[in-house]
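# Per-entry structural report
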Amino acid sequence: MINIAIDGPSGAGKSTISKIIAKKLGITYLDTGAMYRAVALYTINNQKNPSVADDVIPLLKDIKISYKKVGEDNIIYLNDKDVSEDIRRHDISKCASEVSKIPEVRTFLVNMQRDIAKNSDVVLDGRDICSHVLPDTKYKFYLTAKAEERAKRRCSELLQKGQNVEYNQVLADILDRDYNDMNRAVSPLVKTADSIEIDSTEMTLEEVANTIISHIEKIKNSEENQKNTSQKLKKQAKELTLDANKVIKCNTRKTGGFYRLLAGFVRKVMAILWPTKIYFKDNFPKNTKAVVICNHYTALDPCVIISKLLGKDGKVLMKEEVMKNPVVAKVATELGCIPVKRGEADLNAIKKILGALAKNQPVLIFPEGTRNRSGSKEMLPLKQGVSTFAIRAKAPIVPMLYYKKTGPFRRNVLVIGTPFYLDEFYDQKPNLVKEEATLLIEQKMSELRTEVDILVEKCKGSKKKYLKYKREQSKEFALNECSRS
Ligand code: DC
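Scope of this entry: the structure provided in the associated data block. Computed from a prediction, not measured in an experiment: that's the story for all the values here. (Residues numbered from 1 in each chain as written. Predicted model: local features only at pLDDT ≥ 70, side-chain atom pairs only at ≥ 80, totals over all residues. Heavy atoms only, no water.)

### A look at the overall build of the chain
Where we set the bar: In this text, helices come from DSSP runs of H or I with a minimum length of four residues, and strands from runs of E with a minimum of two, each type numbered from the N-terminal end. Here the globule rule reads 2.2 Å times residues to the power 0.38, and the radius of gyration is calculated from C-alpha atoms. Buried, partly exposed and exposed residues are distinguished by accessible area as a fraction of the type maximum, computed with a 1.4 Å probe on protein chains only: under 20%, between the cut-offs, and over 50%, respectively. Here a residue-residue contact requires only that any non-hydrogen atoms of the pair lie within 4.5 Å. With residues, only the protein chains shown are counted as cover, and all accessible areas are computed by Shrake-Rupley using a 1.4 Å probe. Two residue types count as positive, namely Lys and Arg, and two as negative, namely Asp and Glu; His and chain ends fall outside the count. By convention, the charge on Lys lies at NZ, on Arg at CZ, on Asp at CG and on Glu at CD.
A count of helical and extended segments in the chain gives 16 helices and 15 strands. The globule rule puts the C-alpha radius of gyration for 485 residues at 23 Å, and the 42 Å found for the chain is more than 25% above it. For the C-alpha atoms alone, the extent of the chain along its principal axes is close to 120 × 65 × 40 Å. Sorting the 485 residues of the chain into buried and exposed places 46% on the buried side. Within the chain, counting contacts between residues at least 6 apart in sequence, those at least 24 apart form 72% of the total. Total accessible area computed for the chain in this model is approximately 26,000 Å², and 54% of it derives from carbon and sulfur atoms. For the chain, the separation between the mean place of its 83 positive charges and that of its 61 negative charges on side chains is 16 Å.

### Details of the site of the ligand
The following threshold applies: By convention in this text, a residue qualifies as near a molecule or strand provided that one of its non-hydrogen atoms is within 4 Å of it. The definition of a polar contact used here is a pair of N or O atoms within 3.5 Å, where within protein one atom must be able to donate a hydrogen and the other to accept one, and adjacent residues in sequence count solely through side-chain atom pairs. Residues were grouped as follows: Ala, Val, Leu, Ile, Met, Phe, Trp, Tyr, Cys and Pro as nonpolar; Asp, Glu, Lys and Arg as charged; and all remaining residues, including Gly, as polar.
Around the ligand sit 15 residues, and of these R37, R106, R127, D128 and R184 come closest. R127 is positioned such that a nitrogen or oxygen atom in its side chain is 2.9 Å from an oxygen atom of the ligand. The separation between a nitrogen atom of the ligand and a polar side-chain atom of D128 is 2.8 Å. Coverage of the ligand by the protein amounts to 96% of the 450 Å² it exposes when considered alone. For the shell around the ligand, the elements supplying multiple residues, two or more each, are α2 (32-45), α4 (90-99) and α8 (167-183). The element contributing the most residues to the shell around the ligand is α2, with 4 residues. By residue class, the composition of the shell around the ligand is 2 nonpolar, 5 polar and 8 charged.

### Points about the sheet that holds strand β3 (residues 65-70)
As a reminder, the rule being used: Only strands joined by at least two bridges in the DSSP assignment are considered to pair. The angle between two axes is taken between their N-to-C directions and runs from 0 to 180 degrees, where each axis is a line fitted to C-alpha atoms and a helix contributes only its stretch in contact.
If you walk across this open sheet you meet the 3 strands as β3-β4-β5, and the pairing is antiparallel. The open sheet terminates on both sides in strands that have one partner only, identified here as β3 and β5 (81-82). Here strand β4 (residues 73-78) runs beside β5; their pairing, made up of 2 bridges, is antiparallel. What sits directly across from L78, in β5, is K81. Running over the sheet, α2 touches β3 and β4 and is turned about 125° from β3.

### Considerations on the nonpolar core
Defined as follows: Throughout, nonpolar core names a set of buried Ala, Val, Leu, Ile, Met, Phe, Trp, Tyr and Cys residues whose side chains join them through atoms within 4.5 Å.
Of all hydrophobic cores here, the largest spans 41 residues; its most connected members are V291, L357, I397, V415, L422 and I441. Dropping the residues within four chain positions of it, I397 is found in contact with V291, I293, V386, A390, T418, P419, F420, L422 and I441.

### Describing the side chain of S307
Checked against the element boundaries, S307 lands in helix α11 (residues 300-310). Classification of S307 as buried rests on a relative accessible area of 4%. Within the local environment of S307, its side chain forms a polar contact with the backbone oxygen of V304, the two atoms lying 3.3 Å apart.

### Looking at the sheet that holds strand β14 (residues 397-403)
Spatial ordering of the open sheet is given by β9-β15-β14-β10-β13-β11-β12, a layout of 7 strands whose pairing is mixed. Each end of this open sheet is capped by a strand with a single partner; those strands are β9 (276-279) and β12 (337-340). With direction set aside, neighbouring strand axes in the sheet form an average angle of 25°. With 4 bridges connecting them, strand β11 (residues 315-319) and β12 associate as parallel partners. Paired with L317 across the bridge in β12 is I338. This element, helix α13 (residues 347-358), spans β10 (290-294), β11, β12 and β13 (362-365) of the sheet and lies at about 155° to β12.

### Description of the packing of aromatic side chains
To be explicit about the condition: Any two of the Phe, Tyr and Trp rings considered here, Trp counted by its six-membered ring, make a pair once their centres fall within 6.5 Å; the pair's planes then place it as stacked at under 30 degrees, edge-to-face at over 60, or tilted in between. Distance and angle both matter: a charge sits over a ring if NZ of Lys or CZ of Arg is within 6 Å of the ring centre and within 35 degrees of the ring normal.
Overall, the coordinates contain 3 aromatic pairs when judged by the stated rule. Ring centres 6.1 Å apart and planes at 40° place the aromatic pair W274 and Y402 in the tilted group. Linking W274 in the loop between α10 (256-273) and β9 with Y402 in strand β14, this pair joins segments that are 128 residues apart in sequence. Members of the aromatic cluster, joined through ring pairs, are Y279, F280 and Y466. The side chain of K277 reaches across the aromatic face of Y279, ending 5.1 Å from its centre. The side chain of K444 reaches across the aromatic face of F420, ending 5.2 Å from its centre.

Take a look at the structure:
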């Protein structure tokens, strides 16, 4: 329903303007002032005093007001009698203002007005439409004009109808009615904060009507836009919920049983195909989020890490192509693989990774982005996405290095370094610091490489010897410090 509310003082042109607007928009016009006038006329016709509530109130039950549109005009009927002319009499104007002060009269007419507005598109004009009759409508206008201009307009209107009136008297009556309407105890004429004020003193009727209509269009459009935006947002929220559900589905394997069976099987196969000794297992965080990074030689590396370290809730980022075969896809999903499209920002995968981290699950990422087929110790340049995940999820990075032995069935070495945080970047946009943060990750990996080299080459892969070496190193360092100071 479209309900347009126009309030304002007497003679501001409300009824003429409302008629034009109603016609242009093809909707009904309801002149609420005419209703108060009809009550006033009935009171006078029954020789009662319109200023005395006890005189007027008993009459209300006998009053029936109705409208009929004939051509351009609204005919108003009082108990089925056309009173359109009578209610416009100058003496009735004053009486209408008097009866409008009586709360019972207002309730009687306001109920009628609200009923009409509820059931039809309508322009209502009056004094309390914006503030009281239709406080919830979005189309509210306050039409005003200087008192002198309003008196001039009223004079010529009454003269046209053959009523001989004096300008000064009309002006005095208008000021008097303004005072009454604005100062009565019940629903006085006010400009509500959400009404659009239009001063018609210097404007033609057409200009005023067009101004109001253009405001109505603007309000309608912004409403339409708001509706569209909220629909779009609702749709997006629904999609995100669906995605989130997918993430949850993907992150929550149905049973740990199948995983354990699979992981046990993979462990056994790996023990033969890609035997690996893991050093410093204590560095691997338990039951908490972590971005686990490792260099990558063969498709067997992830199998070892998944089956020996990641556990039931761990995730591993894997190129999408792996998932092409449905059986492999099923097994990979069960083992926690998140498929990722390479060479583009795969939003779905990003959401899943952040979703897993948010649920305190470790995520294994090979930061080189691909396998190092050359087999060299040097890592390929690292992709910058790792830093973004670690910063956004405020998750520790667990550096790991594979030391690949040459020849088949030789024991490889996997060293887990000390986890570190990128907390110095937490208060910055990950996108802006990814280069700097990636340099830091590279530095940590290279420190770990040195340790691995020492462990494997100097200490012949013995953790005991390596720890002894570290102790001696720190003693030597302390002595150097002492002698320097
Ligand atoms: O708009 P009008 O001059 O025809 O109105 C006649 C009187 O009715 C006016 O003095 C104030 C009163 N009125 C009112 O109190 N509330 C309305 N909604 C409309 C009119």
